[in-house]
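# Descriptive analysis of the structure
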Amino acid sequence: MRKILNFLVLAIVAGSAIVYFTLGPNAFLGGPTKNAIIDITRQVMIATSPSPTEAELAKTAKISPTGVCNPSDGKYACGVEVTVDGAAPKTFVAVLKKGADGNWVMAE
């Protein structure tokens with residue numbers, strides 16, 4: 001019985017670690033996943049680019065969520081680090097919320 005209990009605890013810890021590293025820490029808190037933060041940030045960067053050249057750079061930019069998103073009034077402020085063409089990374093804040101369809105969208 002003790003071996004089964006030890007295995008069960010180990011399985012729960014391993015499962016939590018898998019969720020943490022694949023979805024990000026925000027998934028535990030009801031916030032957006034890492035992929036949602038990256039995808040929406042990239043979409044907004046492309047849509048708001050003043051020129052086609054900058055839009056192309058936004059498509060290839062490396063976007064990395066940083067830390068845990070801060071919730072407020074149904075919106076989540078998430079830090080993102082953006083690196084374009086090997087330049088020094090810059091940190092921005094992406095504010096996301098759940099849309100009417102239940103998917104994450106950029107808050108206005």
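Please refer to the structure placed before this passage.
Okay, so let's go over this structure. Numbering of residues starts from 1 in every chain and runs along the sequence as written. Thresholds applied to this predicted model are a pLDDT of at least 70 for local features of residues and 80 or more for the giving and counting of side-chain atom pairs; totals over whole chains, interfaces and linings are not thresholded and use all residues. Remark: hydrogens and water are excluded; side-chain values derive from all non-hydrogen atoms of the structure.

What follows concerns a nonpolar patch on the surface. Nonpolar side chains (Val, Leu, Ile, Met, Phe, Trp, Tyr) within 5 Å and like charges within 9 Å form the patches, drawn only from residues with over 30% relative accessible area and no salt bridge. Using the Shrake-Rupley algorithm and a 1.4 Å probe, accessible areas are obtained, with residue cover drawn only from the displayed protein chains. Between Lys or Arg on one side and Asp or Glu on the other, a salt bridge is scored when a side-chain nitrogen of the former is within 4 Å of a carboxyl oxygen of the latter. The grouping of Leu5, Leu8, Val9, Ile12 and Val13 at the surface amounts to a nonpolar patch, some 470 Å² of accessible area in total. Elements are defined by DSSP. Helices are runs of H or I of four residues or more, strands are runs of E of two residues or more, and each kind is numbered from the N terminus. Take Val13: it is sitting in helix H1 (residues 2-23). Exposed residues in this analysis have more than 50% of their type's maximum accessible area, buried residues have under 20%, and partly exposed residues fall in between, with area computed by a 1.4 Å probe over protein chains only. Given the relative accessible area of 51%, Val13 is considered exposed.

This part covers helix H2 (residues 34-47). Here H2 spans 20 Å end to end across 14 residues, near enough to the 20 Å set by a 1.5 Å rise per residue. Considered for burial, the residues of H2 that qualify are Ala36, Ile37, Ile38, Ile40 and Thr41. By definition in these notes, contact holds between two residues if any of their heavy atoms fall within 4.5 Å. Looking at the packing, one finds that the buried side of H2 touches strand E1 (62-72), strand E2 (75-83), strand E3 (90-98) and strand E4 (104-106). To estimate the expected span of a helix, count its residues, drop one, and scale the result by 1.5 Å.

Glancing now at unusual backbone geometry. Look at Asp73: it is not a glycine, yet its phi comes out positive at around 55°. The residue Asp73 is located in the loop between E1 and E2 in this model.

Next up on the list: the environment of Thr91. Looking at the secondary structure, you find Thr91 in strand E3. A C-alpha to C-alpha distance of 4.4 Å links Thr91 and Glu81, two positions 10 residues apart in sequence. In contact with Thr91, other than residues within four places in its own chain, are Val80 and Glu81.

Right, let's talk about the pattern of salt bridges for a bit. Under the defined criterion, the tally for this structure stands at 1 salt bridge. Here Glu56 ties to Lys59 by a salt bridge, and the two come within 3.2 Å at their closest N and O atoms. Remark: Lys59 and Glu56 occur in helix H3 (residues 52-60); sequence separation between them is 3 residues, near one turn of the helix. For Lys59, a relative accessible area of 44% corresponds to the partly exposed category.

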